[in-house]
Amino acid sequence: MMILDCHTHRMPPQPQAVICVSPACFSPVAGQSYSLGIHPWNPEEATPENLDLLLTVARAPEVVAIGEAGVDALRGAPLYQQALTFRRQIEISEQLEKPLVIHDVKAHDTVAGLRRDFRPRQPWILHGFRAKPSVVEMMLKASPDFYFSFGEKWNPDSLRAVPRDRLLAETDESALPIEEIIARISNILGEDVTSTISANTLRLFRGVESTSYTVRNLT
Ligand SMILES: [Zn+2]
């Protein structure tokens, strides 16, 4: 099986994708993979009750990652509030042993600093990565366990700077099919990276394979 799209907001069924929803909207479809989190654009969702709900519902086998969570310097709640919600989701990711999908807009230092402070065991995925190659370098210096997910728009030099085993792709809110996004990435890299991206995504979201072949026990 192939999982190619590590982050989308499309409705199920998306057998090749991990669908991102907030914990309050989680209504799992059997065989579908999800990531659950509180987005920094939605400060009204960042309540203690919702974070407790996240911890509870994200235990479901369909949930293969936490997020998207993170910090957006251009939008959302004041940064200290975003950072508090983000830190709690780092803890949940560690507690449930599921990787963290990160929304990072102009907050690379904060994210790299938190990675250094927390020393998490779970990998972190920088989704919708559009930053410069120097940011790739900075992040990998902070930790080799950063992954970089490329969607519709990105910096070609950053794409080239990412080690192949840290490369992911996503549709996010794009209307393009994931195959088209991966074709554009492959074109820049001069080789077809479809199987590389699929292997990286499967390795990262260890639960994906079992979810897709297990009939969910609904009782
Ligand atoms: Zn997204």
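The preceding data block contains the structure.
Below or above, wherever it landed, is the structure these notes cover.

Scoring rules and cut-offs
Residues numbered from 1 in each chain as written. Predicted model: local features only at pLDDT ≥ 70, side-chain atom pairs only at ≥ 80, totals over all residues. Heavy atoms only, no water. Donors = N, O, S within 2.8 Å, 3.2 Å for Na, K, Ca; no water. Tetrahedral: all angles 85-135°; square planar, octahedral: opposite > 155°, others 65-115°. Helix = DSSP H or I, 4+ residues; strand = E, 2+ residues; numbered from the N terminus. Buried < 20%, exposed > 50% of the residue type's maximum accessible area, 1.4 Å probe, protein only. Pairing = 2+ DSSP bridges. Axes fitted to C-alpha atoms, helices over the stretch in contact; angles between N-to-C directions. Contact = heavy atoms within 4.5 Å. Polar contact = N/O pair within 3.5 Å; in protein donor to acceptor, adjacent residues only side chain to side chain. Disulfide = S-S within 2.5 Å. 1 Å grid on protein atoms, 1.4 Å probe; cavity = no way out; pocket = protein on both sides within 12 Å on 5 of 7 lines; lining within 4 Å. Points joined across faces, edges and corners; volume = space filled by probe spheres on them. Nonpolar A, V, L, I, M, F, W, Y, C, P; charged D, E, K, R; others polar.

Before going further, it helps to examine the coordination of the zinc ion. Here the zinc ion is held by His 7 (NE2), His 9 (NE2), Glu 68 (OE) and Asp 172 (OD), and the distances to it run 2.1 to 2.2 Å. The site at the zinc ion holds four donor atoms, and with the angles between them running 85 to 177°, its shape is irregular. Here the donor residues of the zinc ion are spaced in sequence according to H-x1-H-x58-E-x103-D. Here Asp 172 lies in the loop between strand E8 (167-169) and helix H6 (178-189) and His 9 lies in the loop between strand E1 (5-8) and strand E2 (17-21), a separation of 163 residues in the sequence. With a relative accessible area of 30%, His 9 lands in the partly exposed category.

Another aspect to go through is the sheet that holds E1. The eight strands lie next to each other as E1-E2-E3-E4-E5-E6-E7-E8, forming an open sheet whose pairing is parallel. Strands at the two margins of the open sheet, each flanked by one partner only, are E1 and E8. Strand-to-strand twist of the sheet, defined as the mean angle between neighbouring strand axes without regard to direction, takes the value 30°. Of the strands in this sheet, strand E4 (63-72), strand E5 (100-105) and strand E6 (124-126) touch helix H2 (residues 79-96), which is tilted by about 160° from E4. The sheet contacts of H6 involve E1, strand E7 (146-150) and E8, and relative to E8 the element is tilted by about 145°.

Further remarks concern the environment of Asp 172. Along the sequence, Asp 172 and Glu 152 sit 20 residues apart, while their C-alpha atoms lie 8.5 Å from each other. Residues within four places of Asp 172 in sequence aside, it is in contact with His 7, Thr 8, His 9, Glu 68 and His 127. Side chain to side chain, Asp 172 and His 9 meet in a polar contact 3.1 Å long.

Cis geometry is adopted by the peptide bond preceding Pro 13, which originates at Pro 12 and carries an omega value of 0°. If you trace the backbone, Pro 13 turns up in the loop between E1 and E2. Geometrically, the link from Gly 67 to Glu 68 is a cis peptide bond, its omega value of 20° lying close to zero. Inspection of the secondary structure assignment puts Glu 68 in strand E4. Look at Glu 97: it is not a glycine, yet its phi comes out positive at around 55°. As for its placement among the helices and strands, Glu 97 is situated in the loop between H2 and E5. A relative accessible area of 43% means that Glu 97 is categorised as partly exposed. Unusually for a residue other than glycine, Arg 119 sits at a positive phi of about 45°. Here Arg 119 is to be found in the loop between helix H3 (108-118) and E6. Of the residues examined, Arg 119 reaches a relative accessible area of 71% and is grouped as exposed.

What follows is about the state of the cysteines. Here the structure, examined in full by the defined rule, presents zero disulfides. With no disulfide of its own, Cys 20 lies 10 Å from the sulfur of Cys 6, the closest cysteine sulfur. The exposure class of Cys 20 is buried, given its relative accessible area of 8%. The thiol sulfur of Cys 25 is not disulfide-bonded, and the nearest other cysteine sulfur, from Cys 20, lies at 10 Å.

Here the focus is the layout of surface pockets. Each pocket or cavity is described by its volume, and for the largest pocket that value is around 930 Å³. Together, 35 residues line the largest pocket, and Trp 41, Glu 68, His 103, His 127 and Asp 172 are the ones closest to its centre. When contributions to the lining of the largest pocket are tallied by element, the ones reaching two or more residues are E2, E4 and E5. A total of four residues in the lining of the largest pocket trace back to one element, the largest contributor, which is E5. Residue classes in the lining of the largest pocket are distributed as 11 nonpolar, 12 polar and 12 charged.

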